[in-house]
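Chain residues, written in single-letter form:
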Amino acid sequence: FGEEPWNVQEAYNSLVEADILLIVGTSLSITYTILLLGATSAKKIYYLDPDPSMELEHHLSKFNKPKPEYYKRLAVSGMKLLKKKLIKDLQNEEN
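Computed from a predicted structure; not experimentally measured.

Here is what the cut-offs are and how they apply
Residues numbered from 1 in each chain as written. Predicted model: local features only at pLDDT ≥ 70, side-chain atom pairs only at ≥ 80, totals over all residues. Heavy atoms only, no water. Helix = DSSP H or I, 4+ residues; strand = E, 2+ residues; numbered from the N terminus. Buried < 20%, exposed > 50% of the residue type's maximum accessible area, 1.4 Å probe, protein only. Contact = heavy atoms within 4.5 Å. Areas by Shrake-Rupley, 256 points an atom, 1.4 Å probe, with all protein chains shown as cover. Lys, Arg positive; Asp, Glu negative; His and termini not counted. Charge placed at Lys NZ, Arg CZ, Asp CG, Glu CD. Arc of directions from axis to C-beta. Pairing = 2+ DSSP bridges. Axes fitted to C-alpha atoms, helices over the stretch in contact; angles between N-to-C directions. Phe/Tyr/Trp six-rings, centres within 6.5 Å; stacked < 30°, edge-to-face > 60°.

Asks: Sorry, what's going on with the overall build of the chain here?
Replies: Broken down by element type, the chain carries 4 helices and 3 strands. Reading the secondary structure of the chain in the N-to-C direction produces α-β-α-β-α-β-α. Counting only C-alpha atoms and orienting by the principal axes, one finds that the chain spans roughly 45 × 30 × 25 Å. Looking at the chain residue by residue over its 95 residues, the buried ones come to 27%. Residue pairs at least 24 apart in sequence account for 50% of intrachain contacts in the chain once pairs closer than 6 positions are excluded. Carbon together with sulfur atoms contributes 54% to the accessible area of the chain, which is approximately 6,900 Å² in total. Here the chain contributes 12 positive and 13 negative side-chain charges, whose respective centroids are spaced 9 Å apart.

Asks: Explanation requested: the environment of Lys43 in the structure shown.
Replies: Along the chain, Lys43 turns up in the loop between helix H2 (31–37) and strand S2 (44–48). Discounting chain neighbours no more than four positions away, the residues touching Lys43 are Asp19 and Pro66.

Asks: Where do I start with helix H3 (residues 55–62) in this structure?
Replies: One turn of an α-helix holds 3.6 residues; hence residues three or four places apart share an orientation. For H3, every residue scored as buried is listed here: Leu56, His59 and Leu60. Along the long axis of H3, the arc covered by the buried residues comes to 100°, so they all point the same way. Where H3 is buried, its residues contact strand S1 (20–24), H2, S2 and strand S3 (69–71). Positive phi shows up at Asn64, right after H3, with a value of about 60°.

Asks: In this structure, what is going on with the sheet that holds S1? I would like to understand it.
Replies: As a general point, the strands of a sheet are linked pairwise by backbone hydrogen bonds and lie either parallel or antiparallel. Strand order in the open sheet formed by 3 strands is S1-S2-S3, with parallel pairing between adjacent strands. Both outer strands of the open sheet, S1 and S3, are each paired with one neighbouring strand and no more. The sheet shows a mean angle of 15° between the axes of neighbouring strands, direction not considered. Relative to S3, S2 runs parallel, the two being bridged by 3 bridges. Counted as the bridge partner of Tyr47 is Tyr70 from S3.

Asks: Even after reading the chapter, I still don't get the packing of aromatic side chains, so can you show me in this structure?
Replies: Two aromatic rings are characterised by how far apart their centres lie and by the angle between their planes. Applying the stated criterion across every chain, the model contains 2 aromatic pairs. Ring geometry for Tyr46 versus Tyr71: centroids 6.3 Å apart, planes at 55°, classification tilted. Separated by 25 residues along the polypeptide, Tyr46 in strand S2 and Tyr71 in strand S3 bring together distant segments of the chain. A residue is classified by how much of its surface remains accessible, and Tyr71, at 9% relative accessible area, is buried.

Asks: I tried to follow the environment of Leu60 on my own but got confused; where do I start?
Replies: With respect to the helices and strands, Leu60 occurs in helix H3. For the pair Leu60 and Ile87, spaced 27 residues apart in sequence, the C-alpha separation works out to 25 Å.

As structure tokens, this is what we get:
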């Protein structure tokens, strides 16, 4: 309806400090969410969606951000898989 939701500034601040960015189930059709992508300092970006928008790479490239790693799954099963991957990655970094 042309309105900005609450807590957008808090989301922006979190993206500036993020190590990773997890995008779950979005069509990327809302303008302010695309602009938020430019704020992230994340070195790794993950996109969970059973039918992901291929526009994400285009938007990220405009902001010189890394390509996302896609998980073409529903949110619950995708989160379980990604959680295992992130834990494994953290364990490998510690060794």
